[in-house]
Amino acid sequence: MSELTYFGNEIHLVVFKLGREEYGVNILQVQEIKRMTEITRVPHSPDYIKGVMNLRGSVLPVIDLKRRLNIPPQEHTEDTRIIIIKVEEIAVGMIVDAVSEVTIINQSDIEPPHTVVVGVTADYISGVGKLENRLLILLRSDVIIGIGQELKVS
Amino acid sequence: MDLNQYMGMFLEESREHLQTLNNCLLALENDPSSLAVLDEIFRSAHTIKGMSATMGFTTIAELTHEMENVLDLLRKGTLSAKDDITDILFTCVDILEQLVENVASGLDKPIDVQSLIAKLSAIARGEFSAAVSAGDVSVEDSRPVAKSATAALKLSDMEIGVVRTAKAQGMECYEINVELRQGCLLKSARAYMVMNALEELGEVIKSIPPVDDLEQENFDHCFQLFVLTTADAENIESIVSGISEVERVTATVAAIPELSQQPVQNTTALLEPIVNKGEKTPEHKKEKRLANELNSQSIDKKMKSGQSVRVDIDKLDSLLNLVGELVINKTRLEQIGLIHRLSELVETIEQMDRVTTDLQAVVMKVRMVPVSQVFNRFPRMVRDLSRELNKEVNLIIQGEETELDRTVIDEIGDPLVHLLRNSLDHGIEHPAERQAAGKNPVGEVRLTARHEGNNVIIMVEDDGKGINADIIRQKAVEKGIITQAEADKLEPSEAVRLVFLPGFSTADTVTDVSGRGVGMDAVKTKIESLGGMVDVETKISEGSTFKIRLPLTLAIIQALLVKVCDEIYAIPLGNIDSTINIRAEDIKTVQSQEAILLRGQIIPIVRLTSVLNIPNACLHNQDELFVVIVHIGEYRAGIIVDTLIGQQEIVIKSMGKLLAGIKVIAGATILGNGHVALILDVGALKQ
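Let us look at the structure shown here. (Residues numbered from 1 in each chain as written. Chains lettered and ligands numbered in written order. Predicted model: local features only at pLDDT ≥ 70, side-chain atom pairs only at ≥ 80, totals over all residues.)

1. Remarks on the overall build of chain A
Here comes step 1: Check the secondary structure of chain A and you find 2 helices and 11 strands.
Here comes step 2: For chain A, the sequential pattern of α-helices and β-strands runs β-β-β-β-β-α-β-β-β-β-β-β-α.
Here comes step 3: By residue count, 33% of the 154 residues in chain A fall in the buried class.
Here comes step 4: Partitioning the contacts of chain A with sequence separation of at least 6, the portion at a separation of at least 24 is 54%. (Helix = DSSP H or I, 4+ residues; strand = E, 2+ residues; numbered from the N terminus. Buried ≥ 20, exposed ≤ 12 C-beta atoms within 10 Å, placed from the backbone. Contact = placed C-beta atoms within 7 Å.)

So, in structure tokens, the structure goes:
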């Protein structure tokens with residue numbers, strides 16, 4: 001929870017859209033935001049991994065976040081972005097429908113996840129933030145990336 | 001002075017010199033009279049002594065000093081390098097190794113060197129009677145020689161003539177012994193200063209060792225000068241001792257015989273014995289000096305060819321990365337040049353291409369180290385081990401100049417030690433046993449390294465008794481690794497491979513059975529972690545061969561880019577035999593496995609669409625198909641591709657932890673257009 005208390009009672013979030021929902025990820029984990037680029041499919045990789053991309057000379061895996069969260073797919077548009085996050089020295093890209101803003105949310109405005117969602121995807125969520133009349137789903141990047149759940153090699 | 005910054009250098013160099021000592025002692029054992037080898041040993045010991053004294057490791061310095069005394073006698077031919085002496089020298093090297101490693105690990109574990117030192121000095125004093133054979137007790141060391149008389153021995157007839165003339169002119173000839181402080185860093189400079197000071201007083205007619213050697217620091221801490229001067233001894237001493245780092249100086253009037261006679265005869269038992277520094281008759285000395293000169297020439301050459309800089313491997317890694325980036329950008333520029341057709345740009349790019357290619361080659365070479373670095377320590381190990389086991393073994397090393405990436409070199413030492421130990425322990429039989437079997441009583445272990453495509457093959461072969469597959473089978477069943485039924489099904493060659501299974505390597509396997517098994521699974525794991533493979537072949541009573549295949553781990557490789565549907569893949573050129581065109585009907589099926597016949601060989605066909613799970617595979621009814629024939633070891637396969645794009649050098653990039661372990665993909669690379677292409681792991685196609 002240390003990262004949440006870093007700014008005292010406030011956390012800075014990068015807010016992005018997946019379908020009609022709004023999500024947030026801690027800004028400290030975000031390395032950069034890129035436009036959609038060429039992604040190379042990697043055979044025999046988990047289905048939520050879209051492939052690998054070239055980030056200035058290094059090769060990064062790219063996660064199809066919608067697939068990971070069981071959200072129906074959609075055509076990529078002008079607004080589609082790749083958010084590069086880095087957790088525990090592992091850098092990964094996440095495809096999102098659009099990046100809207102950077103915002104600050106108060107710790108007290110965050111509800112624990114189980115009040116809203118149940119099921120598998122509940123693991124991926126650290127809480128739900130209330131921002132005026134919007135709801136921001138806060139993601140747990142480490143679980144999304146799959147740290148600790150080593151690739152099952154068939 | 002903060003010596004810590006030199007610590008790394010000290011350790012590295014000490015280890016190198018210890019390695020040289022080991023090698024040379026082995027050589028000396030084979031050829032005890034070789035002066036060149038002795039000189040080499042002497043130099044190494046001497047360097048270690050100097051370095052350790054400078055760094056303040058007195059135990060090491062003390063031990064090497066005593067070694068030097070013995071070596072000096074060997075070099076002078078006073079002693080001969082008999083087995084017992086080389087044994088003691090080997091022990092010295094071992095102890096030195098321990099001492100150096102203690103320094104490295106920062107341990108302060110006291111090692112007793114006194115007994116060894118005592119032994120050494122006993123030898124040096126000539127008391128080690130067993131070691132000194134009667135014939136070798138030379139005139140000089142058994143017969144005491146007067147120190148004052150030695151001046152005559154040290155000067156040639158002509159020089160004596162010069163001295164006489166000078167004496168007639170009222171000058172005196174002084175023999176000046178100068179001793180520099182232990183740990184003096186610039187010996188040659190000090191020697192030069194002493195010379196200069198003396199030149200002001202008179203004329204230096206001779207120096208021992210010769211001036212050349214003084215300049216090259218080719219001497220211990222003492223040297224002798226003969227000076228013609230009108231000044232008195234006290235004067236000389238005070239001037240010379242005024243020079244810094246001069247520990248002691250003595251000036252004595254050199255006794256010059258009235259006539260040049262045979263000095264050896266007129267020495268008597270009354271005079272002070274000099275055993276340690278057994279002096280030489282003029283003839284001997286001349287030879288010696290000649291040898292010295294020759295040696296110093298060869299040292300010169302060595303120094304020139306061996307000039308090197310030690311670089312941290314991390315720096316090389318980052319350099320390699322940068323070169324990789326450069327190669328990617330160059331390829332990109334090439335494509336831009338092609339699109340825009342600017343002749344000037346294309347020319348510049350061509351230039352750049354040449355430079356980057358060279359740069360790349362150099363960087364790769366810098367990281368490559370000959371396997372001799374690892375192989376060098378084996379002769380000694382085999383020697384010791386064969387003595388311990390009472391076996392006679394001849395170790396033959398071939399291809400030690402084969403180069404491998406530094407990172408691989410650092411890792412293969414232990415597995416090779418395991419394999420060699422096994423060959424000696426379990427492979428090679430005792431001499432009597434061998435003789436009974438009609439073999440040469442001296443066993444042979446062959447350690448070879450060679451390149452094979454993008455791989456390096458290292459083999460450990462012995463002509464011992466081989467591995468009995470039945471015993472291995474039985475043992476594996478006993479250990480519960482496999483069931484009896486499984487064991488019965490195994491071919492002998494497969495059964496032998498059971499030794500690589502974990503759990504097979506327990507202590508009682510070593511003693512009970514002839515089967516090998518000491519840490520074989522460890523060997524296999526290590527080799528595989530390096531991206532290599534290990535295999536064994538054996539024939540009962542003819543011997544066994546362990547074959548290790550290692551990648552060069554080149555970060556930049558030549559590859560063929562191919563297109564399958566819309567995806568581009570790179571196939572390492574090292575794995576490619578050829579590319580051929582076939583017609584669809586050339587593909588036959590054998591039990592529903594597709595194959596083609598190529599020059600009488602049946603080659604299985606691999607369809608990448610299925611191997612790579614290419615989604616909604618584009619169906620094309622091409623009549624003509626491109627097939628890339630690849631090989632890995634003996635295995636061959638034909639890969640059907642849609643288009644051959646061309647050959648290109650690619651930089652292997654890892655895909656990160658998240659995607660590590662995907663079987664058919666060996667890595668990724670970035671193409672000239674910035675897209676990522678995956679590299680096929682040809683080895684994985686076999687499954």
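2. Considering the nonpolar core
Here comes step 1: With 74 residues, the main nonpolar core has Val52, Ile83 and Met94 of chain A together with Ile571, Ile639 and Leu680 of chain B as its most contacted residues.
Here comes step 2: Looking at this core, you find at least three residues from each of domain 3 (313-370) and domain 5 (556-685) of chain B.
Here comes step 3: Once you skip the residues sitting within four places of it in the chain, isoleucine 571 of chain B turns out to touch Ala559, Leu560, Val562, Ile576, Val628, Val630, Leu680 and Val682 of chain B.
Here comes step 4: Among the nonpolar cores identified, the runner-up in size contains 37 residues, and Leu395, Val408, Val460 and Met520 of chain B belong to it. (Core = buried A, V, L, I, M, F, W, Y, C linked by C-beta atoms within 7 Å. Domains from an automatic or database assignment.)

3. Let's talk about the sheet that holds strand E6 (residues 393-398) of chain B
Residues and elements named next belong to chain B.
Here comes step 1: With respect to topology, 5 strands assemble into an open sheet ordered E6-E8-E9-E11-E10, the strand pairing being mixed. Since the sheet does not close on itself, it has two edges, and those belong to E6 and strand E10 (533-539), each with one partner. Along the sheet, successive strands turn relative to each other by an average axial angle of 15 degrees, direction set aside.
Here comes step 2: Inspection of the sheet shows strand E9 (residues 455-462) paired to strand E11 (residues 543-551) by 7 bridges, in the antiparallel sense. Pairing of glutamate 461 across the sheet is with threonine 545, part of E11. (Pairing = 2+ DSSP bridges. Axes fitted to C-alpha atoms, helices over the stretch in contact; angles between N-to-C directions.)

4. Describing the environment of asparagine 23 of chain B
Residues and elements named next belong to chain B.
Here comes step 1: Note on placement: asparagine 23 falls in helix H1 (residues 4-30).
Here comes step 2: What makes asparagine 23 partly exposed here is the crowd of 19 C-beta atoms within 10 Å.
Here comes step 3: Along the backbone, asparagine 23 and valine 37 are 14 residues apart, and their C-alpha atoms lie at a distance of 9.4 Å.

5. Side note on helix H19 (residues 469-478) of chain B
All names here are of chain B.
Here comes step 1: The set of residues buried in H19 consists of Ala469, Ile472, Arg473, Lys475 and Ala476. The buried side chains of H19 occupy one side of the element, clustering within an arc of 165 degrees when seen end-on.
Here comes step 2: At the C-terminal side of H19, glycine 480 shows a positive phi close to 75 degrees. (Arc of directions from axis to C-beta.)

6. Quick notes on the packing of helix H2 (residues 35-55) of chain B against helix H3 (residues 58-76) of chain B
All names here are of chain B.
Here comes step 1: Between H2 and H3, the least distance of the axes is 9 Å, while the angle of their chain directions is 160 degrees. Relative to H3, the element H2 is oriented roughly antiparallel. Two packed elements cross with a definite hand, and for H2 against H3 that hand is left-handed. The residues of H3 that touch H2, namely those facing Leu35, Leu38, Asp39, Ile41, Phe42, Ala45, His46, Ile48, Lys49, Ser52 and Ala53, are Ile60, Ala61, Thr64, His65, Met67, Glu68, Leu71, Leu74 and Arg75. (Parallel < 35°, antiparallel > 145°, perpendicular 65-115°, else oblique. Left-handed = near helix turned anticlockwise from the far one by under 90°.)

7. Notes on the sheet that holds strand E1 (residues 172-180) of chain B
Note: strands within a sheet are paired through backbone hydrogen bonds, in either parallel or antiparallel orientation.
All names here are of chain B.
Here comes step 1: Pairing in this open sheet of 4 strands is antiparallel, and the strands run E2-E3-E1-E4 from one edge to the other. Two strands lie at the open edges of the sheet, namely strand E2 (202-208) and strand E4 (246-253), each paired on one side alone. Neighbour-to-neighbour, the strand axes of the sheet open up by a mean angle of 25 degrees, direction not taken into account.
Here comes step 2: The pairing of E1 with E4 spans 7 bridges and is antiparallel. Looking across to E4, one finds that isoleucine 176 is bridged to alanine 251.

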